[in-house]
Amino acid sequence: MATAMTMAERADALEHRKMEELDVIIVKSRLFNLADADLEFVGGAALQAKHPGKKMLMGDDPRLPKMPAKPTLLDYFKYRFAPAAHLLQSAKHALKAGMSEKVVLASLLHDIGVIGFIRSDHGYWGSQMVAPYVDEEVAWAIRAHQALRFYPDESVGYAYPELYAKYFGADYKPDAYIERDYQAARKHKWYMTARLITVHDIYSFDANAKVELEEFTDIVGRNFRQPKEGLGFDDSPSAHMWRTLMRPTRYL
Ligand SMILES: [Fe+2]
Ligand SMILES: [Fe+2]
């Protein structure tokens, strides 16, 4: 009876019905299930028994916007990160302040971890994703912004974000590894590049401001090495991360 179903059972039933409308079996990876505090792992045989006559998805997910055959960074912005207002506004803020192209690019990319991949440790993930394609200083700064966001720097007018006090509680203390990485970044020759990301890391400088992705086409063109095979189909150390973003539900 419907009334006896738990929330999880209802969600499962809905997912099952939606799957019946597709001609492939789409499976959530363990990580997605962990986000629902679900430790269940269903093997291939059980899945096919549940969806007779269907095959596992081994390509594009028909429910997601189709990506071009040779995607660029801007395609990921359009088809996977959109609307990306926070990134566009932060980059615009840096641009308006007359920052270098490195800082503008770093601001544009600083939170792709959050908006495209995973929140937890997003600075570390985002940095790894872009490292093969950008100046080492940009990748380093994106990694370091993760820790620097939690520590003020009066010399540039950066205060601990009020929003963090609201989100995490006034008594929140970053983990020991964040404190360690902050201390190391403080002494690093590129400290100020990462610090400037935090200065321009704004949630909204003008609630009505609409920043177009195209405003950054030239800066991206000059500072992001777009692989000719398409971002994700190249053989860089992080190409697989881009492919996973392109096709997050491939069976293997
Ligand atoms: Fe961030
Ligand atoms: Fe941010």
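Just so you know, these numbers come straight off a predicted model, no measurement behind them.

Novice: Is there a simple way to explain the overall build of the protein chain in this structure?
Specialist: Helix and strand counts for the protein chain come out as 14 helices and two strands. Taking all 252 residues of the protein chain together, 29% fall into the buried category. For the protein chain, the proportion of contacts with a sequence separation of at least 24, taken over those separated by at least 6, is 72%.

Novice: What is the right way to read the domain arrangement of the protein chain from this model?
Specialist: Accessible area lost when the parts come together is the quantity often used to give the size of an interface. Segmenting the protein chain into domains produces domain 1 (2-56) and domain 2 (73-246). For domain 1 versus domain 2, the distance between C-alpha centres works out to 34 Å.

Novice: Help me understand helix 1 (residues 7-20), please; the structure alone is not making it clear to me.
Specialist: Side chains three or four residues apart in an α-helix point the same way, a direct result of the helix having 3.6 residues per turn. For helix 1, with 14 residues, the first-to-last C-alpha span of 20 Å sits near the 20 Å given by 1.5 Å per residue. When you tally the buried positions in helix 1, you get zero out of 14 residues, a small fraction of the element.

Novice: It is not clear to me how the environment of F77 should be interpreted in this structure. Could you clarify?
Specialist: Along the chain, F77 falls in helix 4 (residues 73-81). Along the primary structure F77 and L109 are separated by 32 residues, whereas in three dimensions their C-alpha atoms are 9.9 Å apart. Excluding its chain neighbours within four sequence positions, the residues that come into contact with F77 are A82, A84 and L213.

Novice: Where do I start with the packing of helix 6 (residues 101-109) against helix 12 (residues 191-200) in this structure?
Specialist: A pair of packed helices is characterised by two quantities: the angle between their axes and the separation of those axes. Helix 12 packs onto helix 6 with a crossing angle of 55° between their chain directions and a minimal axis gap of 9 Å. In terms of axis orientation, helix 6 runs oblique to helix 12. Note on packing geometry: the crossing formed by helix 6 with helix 12 is right-handed. The segment helix 6 lies against helix 12, with K102, V103, A106 and S107 engaging T193, L196, I197 and H200. Grouping the constituent residues of the contact of helix 6 with helix 12 by class yields four nonpolar, three polar and one charged.

What counts, and where the lines are drawn
Residues numbered from 1 in each chain as written. Chains lettered and ligands numbered in written order. Predicted model: local features only at pLDDT ≥ 70, side-chain atom pairs only at ≥ 80, totals over all residues. Helix = DSSP H or I, 4+ residues; strand = E, 2+ residues; numbered from the N terminus. Buried ≥ 20, exposed ≤ 12 C-beta atoms within 10 Å, placed from the backbone. Contact = placed C-beta atoms within 7 Å. Domains from an automatic or database assignment. Expected span 1.5 Å × (residues − 1). Axes fitted to C-alpha atoms, helices over the stretch in contact; angles between N-to-C directions. Parallel < 35°, antiparallel > 145°, perpendicular 65-115°, else oblique. Left-handed = near helix turned anticlockwise from the far one by under 90°. Nonpolar A, V, L, I, M, F, W, Y, C, P; charged D, E, K, R; others polar.

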